[in-house]
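Structure at a glance
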Amino acid sequence: NKFTNMVNSERTKYLDNIIKKINNKSLKISVIGLGYVGLPRALTFCKKNIKVLGIDINKKKINHLNAGRSYIRHINSETINQALDRKNLYPSYDFSLIKSVDAIIICVPTPLLGSSKEPDLSFIISTIKSIKNYLIKGQILILESTTYPGTTDEILVPFLRKLGFVIGKDFFLAYSPEREDPGNKMFKDNQIPKILGGYTSECGYIGKKIYELVGNKIVLMSSLKAAEMSKLIENVYRAINIGLVNELKEFSNFLGIDLFEVIKAASTKPFGFQPFFPGPGVGGHCIPVDPYFLSWKAKQYDFNLKLIDLAGEINESMPAYVFKKVSVCLSARLKKLDESEILILGLAYKKNIDDLRESPSLEIINLLRKEGVTIFYNDPYLSEETHEELSKINIQKVEINNNIQKYDCVILLTDHDSYDYDLIKEKSKLIIDTRGRYSETESIIRA
């Protein structure tokens, strides 16, 4: 009501124009960064018959999309072809086309800088530099990349002001963190509520109307910082709870307790408990990264978020714990590491996807290779391009069949549902199970 009843002198033609386009669905959107977040976001708008300019600096991705081919396992090519056939998706690496759209959604990576664990905002900065000459009055810029509280205020606001825009009057700015969960079939992108903060109430209103076009429920925040913080607390919560069960895993093994059994039993309580399960470490772009954004920001103000740092330390120690377990088990069977052949099942950071980002499997492979282990692997979700890259580090892809009995050890790192777990159990000499698929026996060791 505030907006429909706004006094004419307070309204601007730019506000009226973009709202009109939203209401009649003539709005044109650009999604920059067509990875695990950006591509699903673009296709969600396309399905609602909204024109989307998809931009990525990776020309291979653009060529794949223009040919109707998906490069992400859980996104099928048919969805892309439908968007192309209906002329709703326009993949390109030409940033100059930005001047033809009404809304720009940035979905680029925000990794950490090596061992310092500082936020790396270079992708955001390079993106805004690429679009600065093509921004026009009346557009809205929405950042979806996960980052620390204050990023939008500290980087995007000065950037837009330097270009001469009056934010909230002739240009609009919002932050809406991505909440993508690759491979999760329970929740479609538009079924997950969108958190959104606007630089002004007008900015928040426009952002809300845009995401409502695809059916998202909107949680409107009081500020950009609050919206940025909300995404971090979601993944801090997960990181700390995963750290808890990872810390309890070794102690439970020492006591002869099956921690997976205990967690499942605790899960029968209908309130006050949410299950988290131990594993070989944490991967993906969220849990290993996001908590450090908050920890880093806190240190700028002389705050020390001890629980976040400790959880990160525990989770990062898990690949070394798995390596130690493998070493001890092989030694007990009088087998030296540099004389061993090991089969690794699953390289993706979680089951049923093809995403290797921050995967603990890669760290475990590095630890084993340093000791001279001959490594074989199987992951049915990885692309041929990824297999080719892995062959460069002298690990060999193999199939799952009766031949797995020749390996000195099989390490289950990613429990893809497609694996024949009965065959693996029957034919393996020794299984190191990091995912709780099996009950522990003399030949199956929980790690």
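In case you missed it, the structure is sitting above this.
The following refers to the structure shown. (Residues numbered from 1 in each chain as written. Predicted model: local features only at pLDDT ≥ 70, side-chain atom pairs only at ≥ 80, totals over all residues. Heavy atoms only, no water.)

1. Looking at the packing of aromatic side chains
One pass over the full model with this rule turns up eight aromatic pairs. On the numbers, 4.9 Å between centres and 55° between planes, the contact of Tyr 148 with Trp 296 is tilted. You can see Tyr 148 sitting in the loop between strand S7 (140-143) and helix H6 (151-162) and its partner Trp 296 sitting in helix H10 (residues 290-299), a full 148 residues away along the chain. By relative accessible area, which is 22% here, Trp 296 ends up partly exposed. Pairing Phe 376 with Tyr 407 gives two aromatic rings, centres 5.2 Å apart and planes at 50°, and the pair type is tilted. Residue Phe 376 is located in strand S12 (residues 374-378), and its partner Tyr 407 is located in the loop between strand S13 (396-397) and strand S14 (409-412); the two are separated by 31 residues in the primary sequence. A single burial state applies to Phe 376 and to Tyr 407, both of which are buried. Counting every residue linked through ring pairs, the aromatic cluster contains Tyr 419, Tyr 421 and Tyr 438. (Phe/Tyr/Trp six-rings, centres within 6.5 Å; stacked < 30°, edge-to-face > 60°. Helix = DSSP H or I, 4+ residues; strand = E, 2+ residues; numbered from the N terminus. Buried < 20%, exposed > 50% of the residue type's maximum accessible area, 1.4 Å probe, protein only.)

2. Comments concerning the sheet that holds S13
Taken in spatial order, the six strands line up as S13-S12-S11-S14-S15-S16 in an open sheet, and their pairing is parallel. The outermost strands of the open sheet, each flanked by one partner alone, are S13 and strand S16 (444-446). When strand S11 (residues 341-345) meets S12, the two strands line up parallel, connected through five bridges. Across the sheet, the residue bridging to Ile 344 is Tyr 377, located in S12. (Pairing = 2+ DSSP bridges.)

3. Topic: the pattern of salt bridges
Following the criterion strictly, the structure yields 22 salt bridges and no others. Of the charged contacts, one joins Arg 446 and Asp 258 as a salt bridge, the two residues approaching to 2.6 Å between their closest N and O atoms. A residue pair is termed long-range when its members are at least 10 positions apart, and Arg 446 in strand S16 and Asp 258 in the loop between helix H8 (224-255) and helix H9 (259-266) qualify at 188 residues. Here Lys 335 ties to Asp 408 by a salt bridge, and the two come within 3.8 Å at their closest N and O atoms. Of this pair, Lys 335 sits in the loop between helix H11 (306-332) and S11 while Asp 408 is found in the loop between S13 and S14, placing the two residues 73 residues apart along the sequence. For Asp 408, a relative accessible area of 16% translates into the label buried. When salt bridges that share partners are traced, they join Lys 351, Asp 415, Asp 417 and Arg 437 into one network. (Salt bridge = Lys/Arg side-chain N within 4 Å of Asp/Glu carboxyl O.)

4. Digging into the sheet that holds strand S2 (residues 51-55)
The mixed open sheet is built from eight strands, whose spatial order is S3-S2-S1-S4-S7-S8-S9-S10. Of all the strands in the sheet, just strand S3 (89-92) and strand S10 (218-220) have a single pairing partner and so form its edges. Here the strands of the sheet are splayed against their neighbours by 25° on average, with no regard to which way each runs. In this structure, strand S1 (residues 28-32) lies alongside S2, joined through five bridges in parallel fashion. Looking at the pairing, Ile 29 lines up with Val 52 of S2. (Axes fitted to C-alpha atoms, helices over the stretch in contact; angles between N-to-C directions.)

5. Some points on unusual backbone geometry
Phi at Lys 25 is positive, roughly 60°, even though this residue is not glycine. Its identity is not glycine, yet Asn 394 carries a phi of approximately 60°, on the positive side. Assignment of secondary structure puts Asn 394 in the loop between helix H13 (384-391) and S13.

6. Quick word on the side chain of Arg 435
With respect to the helices and strands, Arg 435 occurs in the loop between strand S15 (431-433) and S16. Here Arg 435 is buried and forms no salt bridge, its nearest opposite-charge partner Asp 415 lying at an N-O distance of 4.3 Å. At 3.4 Å, the side chain of Arg 435 and the backbone oxygen of Tyr 349 are in polar contact. Residues in contact with Arg 435, not counting those within four places in the same chain, are Phe 260, Gly 279, Pro 280, Tyr 349, Leu 412, Leu 413, Thr 414 and Asp 415. (Lys, Arg positive; Asp, Glu negative; His and termini not counted. Polar contact = N/O pair within 3.5 Å; in protein donor to acceptor, adjacent residues only side chain to side chain. Contact = heavy atoms within 4.5 Å.)

7. What about the packing of H6 against H8?
For the pair H6 and H8, the least separation of the axes is 8 Å and the interaxial angle reads 130°. One element, H6, and the other, H8, form an angle in the oblique class. Contacts from Thr 151, Thr 152 and Asp 153 of H6 reach H8 at Leu 224, Lys 225 and Glu 228. (Parallel < 35°, antiparallel > 145°, perpendicular 65-115°, else oblique.)

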